[in-house]
Amino acid sequence: MTPPTHWDFPVELCCRPMAFVTLTGLDVVYNAVHRAVWDAFCANRRADRVPISFKVLPGDHEYPKCRTKRTSYEWYIPKGILKTGWMNKHLNLVPALVVVFYELDWDEPQWKEKQLECATRVEIVRQSLQGRNTKVAVVLIQKKTPLPPGEDVIASERAAALCNACDLSGKSLFVLPHTDHLVGYIIRLENAFYEHAQTYYYTEIRRVKSHKEFLNKTTHQLLFVRHQFKIAFFSELKQDTQNALKNYRTAYNLVHELRAHETNILEIKTMAGFINYKICRLCFQHNTPLDAIAQFRKHIDLCKKKIGSAELAFEHAAWMSKQFQAFGDLFDEAIKLGLTAIQTQNPGFYYQQAAYYAQERKQLASMLCNHDSSVTYPSPDPLETPTGVLDFYGQRPWRQGILSFDLSDPEKEKMGILSLQLKEKNVLHSELIITLLSNAVAQFKKYKCPRMKSHLMVQMGEEYYYAKDYAKALKLLDYVMCEYRSEGWWTLLTSILTTALKCSYLMAQLKDYITYSLELLGRASTLKEDQKSRIEKNLIKVLMNESPDPEPDCDTAAVKASQKLWADRVSLAGSNIFTIEVQDFIPFVQCKAKFLAPSFHVDVPVQFDVYLRADCPHPIRFSKLCISFNNQDYNQYCVVEEAYQKSDILEQSSQGTMCLVPGKTRKFSFKFVAKTEDVGKKIEITSVDLILGSESGRLIARKVPNISVQLRHEPPALTNEMYCLIVTVESHEETVAKDVKLTAGLKPGQDANLTQKTQVTLHGTDACDDSFPALLPDIPVGDLQPGEKLEKPIYIRCGTVGARMFLFYISYLINTVVEGKEILCRCHRDETVTIDTVFPFDVAVKFVSTKLEHLDRVFADIPFLLMTDILSASPWPITIVTSQLQLSASMTPVDQLESYVGNVVLQTGESASECFCLRCPPVTNASGVATGCYVISWKRSSPVESVPVVNTIITLPHVIVESIPLHVNADLPSFGRVRESLPVRYHLQNKTNLVQDVEVSVEPSDAFMFSGLKQIRLRILPGMQQEMLYNFYPLMAGYQQLPSLHVNLMRFPNFTNQLLRRFIPTNIFVKVRL
Amino acid sequence: MAVCIAVIAKENYPLYIRSVPTENELKFHYTVHTSLDVVDEKISAMGKALVDQRELYLGLLYPTEDYKVYGYVTNSKVKFVMVVDSSNTALRDNEIRSMFRKLHNSYTDIMCNPFYNPGDRIHSRAFDTMVNSMMMQVC
């Protein structure tokens, strides 16, 4: 079944329009030369080639006939906005240029005959293009390489003759020598074709524009839109996207000016949709996504309410859905080409909205198309047209070209609507919705919207449920359920569980059915009491091996099928025992277990209580309650059991031991005598099993400790430091704990990389290296007297930032005397802690000139400063012990590289800076020179002296080194005095290996008199230095501008004074005379 | 004015959700829940700024076809989310801000109640009345 086309976009709309050029006279099947020419045209059409679509056609091909030109529009009434064939016609049928290929060399002996044949071919092409403005060009395929233009006299004569014979301008005749450089010639040819094509489309635009003056607003409204659209489309073919966009925008406004009525609203919407698509597409192409979004919003706002015929309201929803989907596709396409989207503005939202409209379409369709099965599809088919296609986009097939707003034939209209409704009935809506939703899910996953993703997955699950694909529905719902559970959104969880319960009922999935029922009966479920009551009754039925009642609002046919499944299951009765772990969710029975004392002497029975409380609406009976211990020998003593009787399961009054009444807490007390070999050991309740028919609930209770482990440390840890963690073990035993062993380190089972980047040691005085283990097993600690406390420092080095879990595990042997017998047993206790590791500081490095100006590159041999800035990010104060600059071979220090930040203490957020004066010899490498490393030795400021120093090595950035032709430096005192001579010496050093002409001048300043050469031209030999001596004589006190030195290099005009200012001082401080 | 007002705990579970009774309540639950994506993102982006200079009002979280969702986060990371009908253009940013401020004040009053355990769902007549007053103005 082909879908109705009036909301799908035609391919010719969605493609990128390219100039259409046909090539004739090429025999690509039998002629190898022609084949090669054709291949060169089609192969490798990358983005750098001109956008042309080529087609090979025979010379006598019939092009679509041109209608006779209308001289007056006075009596013309258009029948619709845009003909369905128009775009395709100009993309694929009517060429902008027809090229006639013809094999002819300039020295052809039978020139006259050949010339005539060529002219005839051109004439045939012209005939078939009668009335069109299509250009014609001739390409002569030649065997010989042509001489340079003007040298071949025969060629230019014959070319002129040929042009004359064919009635061509000289610009339309080309020569294609069939030589080695075919592709090069072809590219030149197609560029020339492209120009011709552009001229053609330009004249077409002019032609359409010229119609405008004949139109009037009353009868030709449709033509305004049509013409505007055509102009825009031709502009696109001309690759003038700016004008295309402008014209599409005008066309869009004109569409909305049309008088809308129920009969033509589909046509208006269809055209608005097309034009909107074009506008958005062009906006994305112009990299103005915000314009595209604004246009789309405007489009939706304008069209949202234009529903049209109420009986076909689903069409509108489908159209809306298509609009959003198409925009989502465009957006996504633009992202693939480099656009960046954000969390709150990404294609997902459009797909989601498209899905929403698809859901609405489904709803409307189910409302409007629920015809009785006796209603048959009308015959003759009102959707059939004589030609098989529509004449105009967006018109009804049964009344094409009728502009009147009155329905001339109401009966026909009714049949038409009926046929559309019947067709809609066959559409697989769920499939469409699920596709759109999964598109949206993919987008939201990309843009960090986990909850939106879950929400859409719930919708997908529900849609699968409606589509009766219960297995897929259950899979999706089960997947997202835990997200809602872990965040505690009970209303949403209940709604999802309700759907999941329906799915599991319809598939007769026993275990799922029971699990979901248990959760729906629990405290967290927000279901009403009557619903809970119904679910509980069903649960009891299932436990008694009967079929449950169907869930409400299920499809009747599906219920019938599932009842059969349930019946089959029931008849298979027997070993239906499911263990359902309830740690992850809130079940309908709450459970707590508690020992009556922290420890029991072996001569006293161990006592403990188990409390149970039901949250379900009806009392529930259980068949067995059993407690499991770490030592399974005790399990047998702690069982409550009663013979199960089916008859009195729902008896409200039954107050037997095996019944849990809603809201009342029941206590079960147990006691047993511990075994002597367990003395000193822990007794631990591992689980509480509650058996309901064949159901079991399970909870884990706590153990009773007898020694305590405490950890003392100052988190977070800093990268690479020796992080000290003090473990305190305190014995609560009554006798000596012997052979106490401590296992400390990274908890196994975490990320494998962490093991490599974490080291643990007992000796904190010196830094450990990578060879140390991440876990220290069984460190002997010695003996522990009763009540004695023991402290053990553990040092941890974390090489990477992030959270790590550490395990501290104490085991010991203990001697106890029970009934005169001495028993030795091993006990253990563990403790875990999560420690975050953070960077201690951030280091920023910059390069500045000696005048502290920022440098993005340094100059060869000229000293510059390297500034480092250490910003403490540690929550604890840190001490910088020292710092060291390790220069690479290509850098040399100007003075001593001593550290200035030694023994500085940095609080959080404080920073320490230092700077070094460096020089870089000239290099040939343009990409940058390695500077070296900066080593910071630091430690946590702590009263403990023994904290080892950590060396953090920071690789300094590369720097671009540029050489300069001339270096100038000045020798002058640090200050001057009024009316005291101030000698200044400038050194000009030629850094090139050329002799340099230098023009030096000094501009006077108000504050100084000076003696010395005011203007001079001199030569400096390669590598040599010239000295200029001046005597400045300050006249005024204060910070004064020096007479400025100007240097002009003849060979290097871009050696500017700006550059010079970087090297020499411009000002000096002049003191008053004493 | 608002069609749905929600208070979300630091751990992102709802403390209070109230929507206009005429519409599907579940839909608003989903709207509020999904808006937490944007809230989380905004908070983590803000985390770098100094805590005391932080703006509590998060602005428009995201517009849907029919609704606008606004967010506000207190210093203790309790979030307020407000859903407003898109067609209601009269509501300016300033009004939304003042509504949030009112909500925040009322929430602070609840926290001052010695019988209220922080983290419990909110059951307070005063809060209900205040929320109602923000929602009633629709009609």
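Check the entry above for the structure.
Only a predicted model underlies this, so the values are computations on that prediction, with no experimental measurement involved.

A. The arrangement of the overall build of chain A in detail. Each helix and strand counted, chain A has 22 helices and 43 strands in total. The buried share of chain A, reckoned over its 1074 residues, is 48%. Pairs at least 24 residues apart make up 73% of the contacts formed inside chain A by residues separated by at least 6 positions. Element-wise, carbon and sulfur atoms account for 52% of the exposed surface of chain A, whose accessible area totals about 52500 Å².

B. Fine view of the packing of helix H15 (residues 450-466) of chain A against helix H16 (residues 470-487) of chain A. All names here are of chain A. Running from amino to carboxyl end, H15 crosses H16 at an angle of 150°, the nearest separation of the two axes being 8 Å. With respect to H16, the axis of H15 lies roughly antiparallel. Between H15 and H16 lies a crossing of left-handed hand. Contact residues: Arg451, Ser454, His455, Met457, Val458, Met460, Gly461, Tyr464 and Tyr465 in H15; Tyr470, Lys472, Ala473, Leu476, Leu477, Tyr479, Val480, Glu483, Tyr484 and Glu487 in H16. A class-by-class count of the residues in the contact of H15 with H16 yields twelve nonpolar, three polar and four charged.

C. Quick peek at the nonpolar core. All names here are of chain A. Of all hydrophobic cores here, the largest spans 181 residues; its most connected members are Phe608 and Val610. Top element by residues in this core is helix H9 (residues 265-285). It accounts for eleven residues. The residues touching Phe608, leaving out its near neighbours within four places in the chain, are Lys594, Phe595, Leu596, Ile627, Phe629, Cys638, Phe668, Ser669, Phe670, Phe672 and Ile685. Ranked by size, the runner-up nonpolar core spans 32 residues in total, among them Val984, Phe1008, Leu1049 and Ile1068.

D. Molecular detail of helix H3 (residues 86-93) of chain A. Residues and elements named next belong to chain A. Those residues of H3 lying buried are Trp86, Met87, His90 and Leu91. Along H3, the residues classed as buried sweep out an arc of 125° about the axis, all on the same side. Elements that come into contact with the buried residues of H3 comprise helix H1 (11-14), strand E1 (19-24), strand E2 (52-57), helix H6 (182-211) and helix H7 (221-237).

E. Here's a closer look at the sheet that holds E2 of chain A. Residue and element names in this part refer to chain A. Judged by pairing direction, the sheet is parallel, and its five strands sit side by side in the order E2-E1-E3-E4-E5 without closing on themselves. At either margin of the open sheet sits one strand with a lone partner, and together these are E2 and strand E5 (173-177). Between one strand axis and the next, the sheet turns by 25° as a mean value, whatever way the strands run. Across the sheet, H3 lies against E1 and E2, angled at about 45° from E1, the strand it touches most.

F. Layout of the pairing of strand E4 (residues 67-73) of chain B. Residue and element names in this part refer to chain B. Where burial is concerned, most of E4 is hidden: six out of the seven residues are buried. Alignment of strand E3 (residues 57-63) against E4, held across five bridges, turns out to be antiparallel. Of the residues in E4, the one forming a bridge with Tyr57 is Tyr72. In textbook terms, the turn of a hairpin is the stretch between consecutive antiparallel strands, and for E3 and E4 this stretch comprises three residues. Joining the antiparallel neighbours E4 and strand E5 (residues 79-85) is a turn of five residues, in which Lys77 adopts a positive phi near 65°.

G. View of the interface of chain B and chain A. With 20 residues of chain B at the interface, the matching set in chain A holds 25 residues. Regarding the contact of chain B and chain A, the summed buried area is about 2000 Å², with carbon and sulfur atoms giving 58% of it. Our enumeration of links across chain B and chain A arrives at three salt bridges. On the surface where chain B and chain A come into contact, there are nine residue pairs in polar contact (both at pLDDT 80 or more). At the level of secondary structure, the elements contributing two or more residues to the side of chain B that touches chain A comprise strand E2 (14-19), helix H1 (25-46) and E3 of chain B. At eleven residues, H1 of chain B tops the list of elements feeding residues into the side of chain B that touches chain A. When its residues are assigned to classes, the side of chain B that touches chain A shows eleven nonpolar, four polar and five charged.

Conventions adopted
Each chain carries its own residue numbering, running from 1 in the written order of its sequence. The lettering of chains begins at A and the numbering of ligands begins at 1, in the order of writing. Per-residue local features of the predicted model are confined to residues with pLDDT of at least 70, and side-chain atom pairs are confined, for both listing and counting, to 80 or more; whole-chain, interface and lining totals are unaffected and use all residues. To obtain the side-chain values, all non-hydrogen atoms of the structure were included, while hydrogens and water were left out. Strands here mean DSSP runs of E at least two residues long; helices mean DSSP runs of H or I at least four residues long; both are numbered from the N terminus. Each residue gets one of three labels from its accessible area relative to the maximum for its type: buried under 20%, exposed over 50%, partly exposed in between, using a 1.4 Å probe on protein chains only. It only takes one pair of heavy atoms within 4.5 Å for two residues to be counted as in contact. Surface exposure here means Shrake-Rupley accessible area, sampled with a 1.4 Å probe, where a residue is shielded only by the protein chains that are shown. Convention adopted: a line fitted to C-alpha atoms gives each axis, helices being fitted over their contacting stretch, and angles between N-to-C directions are expressed from 0 to 180 degrees. In these notes the angle categories are as follows: under 35 degrees is roughly parallel, over 145 is roughly antiparallel, 65 to 115 is roughly perpendicular, and the rest is oblique. The crossing is said to be left-handed when, going from far helix to near helix, the turn is anticlockwise and less than a right angle, and right-handed when the turn is clockwise. Gly is put with the polar residues, along with every residue not named as nonpolar or charged; the nonpolar set is Ala, Val, Leu, Ile, Met, Phe, Trp, Tyr, Cys and Pro, and the charged set is Asp, Glu, Lys and Arg. Only buried residues count toward a nonpolar core, which is a set of Ala, Val, Leu, Ile, Met, Phe, Trp, Tyr and Cys residues joined through side-chain atoms within 4.5 Å. This arc describes the spread of directions from the helix axis toward the C-beta atoms. Each pair of strands is called paired provided DSSP finds at least two bridges between the two strands. Accessible area that two parts lose when put together, with a 1.4 Å probe and added across both, is what the buried area reports. Here a salt bridge means any side-chain nitrogen of Lys or Arg lying within 4 Å of a carboxyl oxygen belonging to Asp or Glu. Two N or O atoms form a polar contact when they lie within 3.5 Å of each other; inside protein one atom must be a possible hydrogen donor and the other a possible acceptor, and for residues adjacent in sequence the pair counts only when both atoms belong to side chains.

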